[in-house]
Amino acid sequence: MKLADKLDDFTVNEFTHAGYTYPVYRKGQGPGVVVIHEVPGVTPEVARFARKVVDAGFTVFMPSLFGTPGKKFSPAYAAQQMSLSCVRREFAVLSANKASPVTEFLRGLCRAVHEELDAPVGAIGMCLTGNFALTLAVDPWMMAPVLSQPSLPIGTTKVLREALHVSPADLETVKRRIDEEGLSVLGLRFTGDPLCQRPRFKRLEQELGEGFESIEIDSRRGNRDRISMTAHSVVTMDLVDKAGHPTRQALDRVLGFFRENLHPA
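What counts, and where the lines are drawn
- Residues numbered from 1 in each chain as written.
- Predicted model: local features only at pLDDT ≥ 70, side-chain atom pairs only at ≥ 80, totals over all residues.
- Heavy atoms only, no water.
- Helix = DSSP H or I, 4+ residues; strand = E, 2+ residues; numbered from the N terminus.
- Buried < 20%, exposed > 50% of the residue type's maximum accessible area, 1.4 Å probe, protein only.
- Contact = heavy atoms within 4.5 Å.
- Areas by Shrake-Rupley, 256 points an atom, 1.4 Å probe, with all protein chains shown as cover.
- Lys, Arg positive; Asp, Glu negative; His and termini not counted.
- Charge placed at Lys NZ, Arg CZ, Asp CG, Glu CD.
- Expected span 1.5 Å × (residues − 1).
- Phe/Tyr/Trp six-rings, centres within 6.5 Å; stacked < 30°, edge-to-face > 60°.
- Lys NZ or Arg CZ within 6 Å of the ring centre and 35° of its normal.
- Core = buried A, V, L, I, M, F, W, Y, C linked by side-chain atoms within 4.5 Å.
- Pairing = 2+ DSSP bridges.
- Axes fitted to C-alpha atoms, helices over the stretch in contact; angles between N-to-C directions.

Visitor: What am I meant to see in the overall build of the chain here?
Guide: Along its length, the chain carries 8 helices and 8 strands. In terms of principal-axis extent, the alpha carbons of the chain reach across some 50 × 45 × 40 Å. Burial analysis of the chain (265 residues in total) assigns 53% to the buried set. Residue pairs in contact within the chain that sit at least 24 positions apart in sequence constitute 72% of those at least 6 positions apart. Working note: accessible area of the chain is about 11600 Å², and carbon and sulfur atoms make up 50% of it. Between the mean site of the 32 positive side-chain charges and the mean site of the 31 negative ones, the chain shows a separation of 6 Å.

Listed below in structure tokens is the structure:
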């Protein structure tokens, strides 16, 4: 298969935890950031984002949870991987109050990164994996969790649209860390995104209070930046890498968030 991005500037090794084994792509120097890709997988756009994190002074650890690493995005490819993810036991896409089992693997990976680098860890989840960073924030080494267009659970009911895909106990732990340790959580979304609607961010604001920093980019019809009403992936597919553009500003804020919380003062 001809890949759009060979990812040959990354090293890759398998990591096993909690009964799961996945390849993990690694690149960079500095504190660790776990980049959890969106559907359909580690596309060239996800790899581009990972390289920007590396250029900002971090070591990226990017597990490949589904899809073919380096393969180009297409609607058919995305639909295929979304369908497969919906039936895999690692992902509980309809769960409102419980995280997907694969988050245990990711917690183990974050701990291993912390222990190897002897530094706090950051993470960003996107789309189907977006909520995962909230569950990762229960651990004391996770100091920079980013939720980019968090889209689970999938559903149209009021309960599902505002649910956070995290257990009540884990949510309470995150809230305690915000109160006692000064933890911050960053969230990103487009205002017109049907997969990550306003009720979910309103719930995050209610639960996390000042510990939640929200970036919501206008994608309504007629918006001044001509952002598509179907825009979804803030720092990857729908990124306009041009100074002053709202998506570039969001990317810069993500990198700044990592610097503030992971680099020593």
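Now, onward.
Visitor: How should helix α3 (residues 102–117) be read in this particular structure?
Guide: One turn of the α-helix equals 3.6 residues, which is why residues spaced by three or four share an orientation. Along its 16 residues, α3 runs 23 Å from first to last C-alpha, staying within 8% of the 22 Å computed at 1.5 Å per residue. Considered for burial, the residues of α3 that qualify are V102, T103, F105, L106, G108, L109, C110 and V113.

Visitor: Explanation requested: the packing of aromatic side chains in the structure shown.
Guide: Working definition: an aromatic ring pair is given by the centre-to-centre distance plus the angle between the planes. For the coordinates displayed, the defined rule picks out 8 aromatic pairs. On the numbers, 6.4 Å between centres and 20° between planes, the contact of Y20 with Y22 is stacked. Residue class for Y22 comes out buried when judged on its relative accessible area of 6%. Seen in terms of ring centroids, F201 and F212 are 5.4 Å apart; in terms of plane orientation they differ by 80°. Their pairing is edge-to-face. In this pair, F201 sits in helix α7 (residues 198–208) while F212 sits in strand β8 (residues 212–217), placing the two residues 11 residues apart along the sequence. Of the two residues examined, F201 and F212, each falls in the buried class. A network of ring pairs unites the aromatic residues F15, Y20, Y22 and F105 as a single cluster. Note that K71 overlies the ring of Y77, its terminal NZ or CZ placed 4.3 Å from the centroid. Against the face of F201 rests R189, its NZ or CZ located 5.8 Å from the ring centre.

Visitor: Explain the nonpolar core here, please?
Guide: Within soluble globular proteins, side chains that are nonpolar generally end up buried alongside one another. Ranked by internal contacts, the top residues of the largest apolar core, which has 44 residues, are V34 and L208. Of all elements in the fold, only β2 (20–28), β3 (32–36), α3, β5 (121–126), α4 (132–136), β6 (142–148), α6 (168–181) and α7 reach the threshold of two or more residues within this core. Per-element tally for this core: the top contributor is α3, with 6 residues. Those residues within four positions of L208 in sequence are excluded, and the remaining contacts are L134, L171, V174, K175, I178 and V185. M62, I227, V235 and F258 belong to the second largest nonpolar core, which has 38 residues in total.

Visitor: Quick question: what am I supposed to make of the sheet that holds β2 here?
Guide: By definition, the strands of a sheet pair up through backbone hydrogen bonds, in either a parallel or an antiparallel sense. Reading across the sheet, the 8 strands line up as β1-β2-β4-β3-β5-β6-β7-β8 and stay open at both edges, with mixed pairing between neighbours. Either end of the sheet is taken by a strand with one partner, and the two such strands are β1 (11–17) and β8. Neighbour to neighbour, the strand axes of the sheet diverge by 20° on average, direction disregarded. Here β2 runs beside strand β4 (residues 59–63); their pairing, made up of 5 bridges, is antiparallel. Looking at the pairing, G28 lines up with T59 of β4. Against the sheet, helix α8 (residues 246–262) makes contact with β3, β5, β6, β7 (185–190) and β8, and its axis sits at roughly 165° relative to β6, the strand it touches most.

Visitor: Whenever I open this one, the pairing of β1 confuses me. Can you help?
Guide: Remember that side chains alternate between the two faces of the sheet whenever the strand is regular. Where β1 and β2 come together, 7 bridges link them in antiparallel fashion. By the bridge assignment, V12 is partnered in β2 with Y25.

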